[in-house]
Number of protein chains: 2
Amino acid sequence: MSDTIEQLIIIGSGPAGHTAAIYAARAELKPLLFEGFMAGGVAAGGQLTTTTEVENFPGFPDGIGGPELMMRMREQSERYGARIKTETVTSVDLSKQPFTVSTDSTSFTARALIIATGATAKRLGLPGEETYWQKGISACAVCDGALPVFRNKPLIVIGGGDTACEEALFLSRFGSGITMLVRRDVMRASQTMQQRVASNPKIEILRETEAVGVIGEQFLTGVEVIDKTTRTRRVLPASGLFYAVGHAPNTAFLEGQLETDDDGYLITEPGSTTTTTPGVFAAGDVRDKVYRQAVTAAGTGCMAALEAERYLSAR
Amino acid sequence: MSDTIEQLIIIGSGPAGHTAAIYAARAELKPLLFEGFMAGGVAAGGQLTTTTEVENFPGFPDGIGGPELMMRMREQSERYGARIKTETVTSVDLSKQPFTVSTDSTSFTARALIIATGATAKRLGLPGEETYWQKGISACAVCDGALPVFRNKPLIVIGGGDTACEEALFLSRFGSGITMLVRRDVMRASQTMQQRVASNPKIEILRETEAVGVIGEQFLTGVEVIDKTTRTRRVLPASGLFYAVGHAPNTAFLEGQLETDDDGYLITEPGSTTTTTPGVFAAGDVRDKVYRQAVTAAGTGCMAALEAERYLSAR
């Protein structure tokens, strides 16, 4: 256990965590940031490390590699004095001040905490999935849909909820045709969204149909599906496969100490990053199931640092 | 008057406007962005064009010039298909669909609008102010306070509200001593904030004292003040002068068609960019008097584009 009481500990190393670190370091809070070691199943740097080219982060007209963007943010945090530990936080104690943050090897205490642990896209574990992840398979239509490889090509969306419908509608601007694979004979999506996809001539819905594998060469070329009523299998040609089967916010280490919504996302005061515990702030995808973009996460990281700074100077 | 009904018009060309344009263009909405011609008293690109080095925009570990950052965002918008007009919007008609957007020379119509016209820091018009703006004079302590030129130097804050107190407290981490100039004998700030500055040994408050001019060489060296009770003048040495006399959100062209708060900022649904008029979204500093950072503005620009896209695809 470290004897020093830190002013601010930041848990998470995506755009939210590092933007918080940049602002907090510049405010002389000397933040300690935990980037984790494959925490939430992804490398330090968060979900952007699982992407290739990022075209929509403002300031990079030629695009920038996701891992490179995160390396640059990390360098910027360190440059202004953030200290970074490559250890995964396994538990916290928010019941008393200073808060305790523990890893497998040791514990730290801090007056304020920023939780920026993100969310992890759920995967299906299909044969071939690992090979074609980000080589045709994506968990974010808004991020990747506009890439040239998907233009005027057949695309497949897996899922039957509102998000799946939104992604299909979004992709209908780019692909030659969109097929939605829905596991059951009914869809979870709202009636409005179901009507919207039904009335889009580019979208076809296959109910009671499940993906069982993906095939390809350098890049994805098709998805093998099974019709659950007839048990017949066939391969649908596809250049893109978009998972819309949900994300899991990375909150297990909190053991229920902060309030979450029904999907497990941390609840913050609207328009702010304050959680239900004073001194604990949440930024990025761990509290956002609507926008989920690198730049929105970065924005809330900045907000969290400014709020933590105000909280600390009021103590 | 143009006959084409645009899908989306974006008014404003700072980080919010251009991030909205990047996202909207990638969603094939073919946005039309008005960057204005010295609208709100600043050049196209917004308030960042009045700064020099930006150290806290994530992704740029070596810092980046404010004007250069905005040029890069502009290039990115255009690259994905945004069309940019260098004309100032003088009025809008939000009373019926499609909305009308007018400049001095012509009018356009659009199904959806994003207002991202920002806010302009109020200036005092002191002799020498123009010369030393961004050469010692700043309207944002959080943005500029950590710059090396202000470290261990005497700094002055003008203003007596909560923001002025916050800026003084923030700057006390960097400067050798902070002097607050308060025009009246009482401060507008809350009791809590007044107590906090009073108990900070680095902060001195001069009441009934007004700045009447600034002096310097290459860079600001002092501020001439007048004691309003004795009418005596003197020069206070200062390497930094921070204006905390408020910002004016650039909303005059809206002529009251959207709801604002008491300070004139557009009201949006908390945690969203929707205004009181369906189809009209607001992003950036025109709806934010709390955080006011480039990256938070960019984040809400992204949100506005995603919300506009959903609004348009639901029509």
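Residues numbered from 1 in each chain as written. Chains lettered and ligands numbered in written order. Predicted model: local features only at pLDDT ≥ 70, side-chain atom pairs only at ≥ 80, totals over all residues. Heavy atoms only, no water.

**Looking at the packing of aromatic side chains**
- As enumerated under the stated definition, the model contains 14 aromatic pairs over all chains in all.
- Centroid distance phenylalanine 57 of chain A to phenylalanine 57 of chain B: 6.3 Å. Interplanar angle 55°. Geometry classified as tilted. Of this pair, phenylalanine 57 of chain A sits in the loop between β3 (53-54) and β4 (64-65) while phenylalanine 57 of chain B is found in the loop between β3 (53-54) and β4 (64-65), placing the two residues in two different chains. Side by side, phenylalanine 57 of chain A and phenylalanine 57 of chain B carry an identical accessibility label, which is buried.
- Ring plane angle 70° and centroid distance 6.1 Å describe the contact between phenylalanine 281 of chain A and tyrosine 311 of chain A, whose orientation is recorded as edge-to-face. (Phe/Tyr/Trp six-rings, centres within 6.5 Å; stacked < 30°, edge-to-face > 60°. Helix = DSSP H or I, 4+ residues; strand = E, 2+ residues; numbered from the N terminus. Buried < 20%, exposed > 50% of the residue type's maximum accessible area, 1.4 Å probe, protein only.)

**Focus on the sheet that holds strand β10 (residues 137-138) of chain B**
Residue and element names in this part refer to chain B.
- The strand order across the open sheet formed by five strands is β10-β17-β11-β12-β13, and the pairing between neighbours is parallel. Each having just a single partner strand, β10 and β13 (203-206) make up the two edges of the open sheet.
- Bridge count for strand β12 (residues 177-181) against β13 is four bridges, and the pairing is parallel. The partner of methionine 180 across the bridge, within β13, is isoleucine 205.
- This element, helix α5 (residues 162-171), spans β11 (154-158), β12, β13 and β17 (240-243) of the sheet and lies at about 170° to β12. (Pairing = 2+ DSSP bridges. Contact = heavy atoms within 4.5 Å. Axes fitted to C-alpha atoms, helices over the stretch in contact; angles between N-to-C directions.)

**Section: the pairing of strand β17 (residues 240-243) of chain A**
Residues and elements named next belong to chain A.
- Of the two faces of β17, the one lined by Gly240 and Phe242 and the one lined by Leu241 and Tyr243 are each fully buried.
- Summarising the sheet, strand β10 (residues 137-138) and β17 pair through two bridges and their orientation is parallel. Note on β17: the bridge partner recorded for serine 138 is phenylalanine 242.
- In terms of strand pairing, strand β11 (residues 154-158) meets β17 through four bridges, oriented parallel. The residue bridging isoleucine 158 from the neighbouring strand is tyrosine 243, located in β17.

**Considerations on the relation of the copies chain A and chain B**
- Its rotation angle being 180°, the transformation that places chain A on chain B also includes 0.0 Å of axial translation and leaves an RMSD of 0.0 Å. Here the copies are linked by what is in effect a two-fold axis. Residue glycine 271 of chain A of chain A places its C-alpha closer to the rotation axis than any other residue of that unit, at 2.2 Å.
- A shared binding surface is used by both copies, with 100% of the interface residues of chain A retained as interface residues in chain B. (Least-squares fit on C-alpha atoms with pLDDT ≥ 70 in both.)

**Structural notes on unusual backbone geometry**
- Cis peptide bonds are those with omega within 30 degrees of zero, and the linkage from glutamine 97 of chain A to proline 98 of chain A qualifies with -15°.
- By the element assignment, proline 98 of chain A lies in the loop between β6 (89-93) and β7 (99-103).
- Despite not being glycine, glutamate 255 of chain A shows a phi value in the positive range, around 45°.
- Along the chain, glutamate 255 of chain A turns up in the loop between β18 (247-249) and β19 (280-282).
- Residue glutamate 255 of chain A is classed as exposed on the basis of its relative accessible area of 59%.
- For arginine 292 of chain B, which is not a glycine, the phi torsion comes out positive at approximately 55°.
- By secondary structure assignment, the location of arginine 292 of chain B is in the loop between β19 (280-282) and α7 (294-313).

**Details of the pattern of salt bridges**
- Across all of its chains, the model carries 30 salt bridges over all chains by this definition.
- The shortest N-O distance in the salt bridge between aspartate 62 of chain B and arginine 79 of chain A comes to 2.9 Å. Of this pair, aspartate 62 of chain B sits in the loop between β3 and β4 while arginine 79 of chain A sits in helix α2 (residues 66-79), placing the two residues on different chains.
- Between glutamate 130 of chain B and arginine 123 of chain B there is a salt bridge; the shortest N-O distance is 3.9 Å.
- A relative accessible area of 62% means that glutamate 130 of chain B is categorised as exposed.
- Here arginine 123 of chain B falls in the partly exposed class, since its relative accessible area comes to 34%.
- Here the residues in one salt-bridge network are Glu35, Arg74 and Glu78 of chain A, joined through shared partners. (Salt bridge = Lys/Arg side-chain N within 4 Å of Asp/Glu carboxyl O.)

**Quick look at the environment of valine 182 of chain A**
All names here are of chain A.
- Mapped onto the secondary structure, valine 182 falls in the loop between β12 (177-181) and α6 (191-198).
- Given a relative accessible area of 2%, valine 182 falls into the buried group.
- Here the alpha-carbon distance between valine 182 and valine 157, two residues 25 residues apart in the chain, equals 8.9 Å.
- Look past the residues within four positions of valine 182 in its chain and what remains in contact with it is Gly159, Gly160, Met187, Ile205, Leu206, Arg207, Glu208 and Thr209.

**A word on the sheet that holds strand β14 (residues 209-216) of chain A**
Residues and elements named next belong to chain A.
- Taken in spatial order, the three strands of this open sheet run β14-β15-β16, and their pairing is antiparallel. The two strands at the open ends of the sheet, each matched to only one other strand, are β14 and β16 (233-237). Taking the axes of each pair of neighbouring strands and ignoring which way they run, one obtains an average angle of 30° across the sheet.
- Note: strand β15 (residues 220-227) against β16, five bridges, orientation antiparallel.

**Some words on the domain arrangement of chain A**
Residues and elements named next belong to chain A.
- Looking at chain A, the domain boundaries give domain 1 (5-120 + 247-313) and domain 2 (123-243).
- Put simply, the middle of domain 1 and the middle of domain 2, counted by C-alpha atoms, are 31 Å apart.
- In this assembly, eight residues from domain 1 lie in contact with eight residues from domain 2.
- When domain 1 packs against domain 2, the two sides together hide about 620 Å² of surface, and 44% of this comes from carbon and sulfur. (Domains from an automatic or database assignment. Buried area = accessible area lost by both parts, 1.4 Å probe.)

**Some remarks on helix α5 (residues 162-171) of chain A**
- Within α5 of chain A, seven of the 10 residues are buried, leaving the element largely enclosed by the surrounding structure.
- The set of residues buried in α5 of chain A consists of Ala164, Cys165, Glu167, Ala168, Leu169, Phe170 and Leu171 of chain A.

**A word on the interface of chain A and chain B**
- Between chain A and chain B, the residue contacts involve 49 residues of the former and 49 residues of the latter.
- A per-residue breakdown of the area chain A buries against chain B is headed by Arg26, Pro61 and Tyr291 of chain A, which together make up 16% of the total.
- The tally of links from chain A across to chain B stands at 10 salt bridges.
- In this structure, glutamate 166 of chain B and arginine 310 of chain A form a salt bridge, with 3.4 Å as the shortest nitrogen-oxygen distance.
- Summed over the shared surface of chain A and chain B, the number is 34 residue pairs in polar contact (both at pLDDT 80 or more).
- Counting residues per element, the ones that place at least two in the side of chain A that touches chain B are α1 (15-26), α2, α4 (141-144), α5 and α7 (294-313) of chain A. (Polar contact = N/O pair within 3.5 Å; in protein donor to acceptor, adjacent residues only side chain to side chain.)

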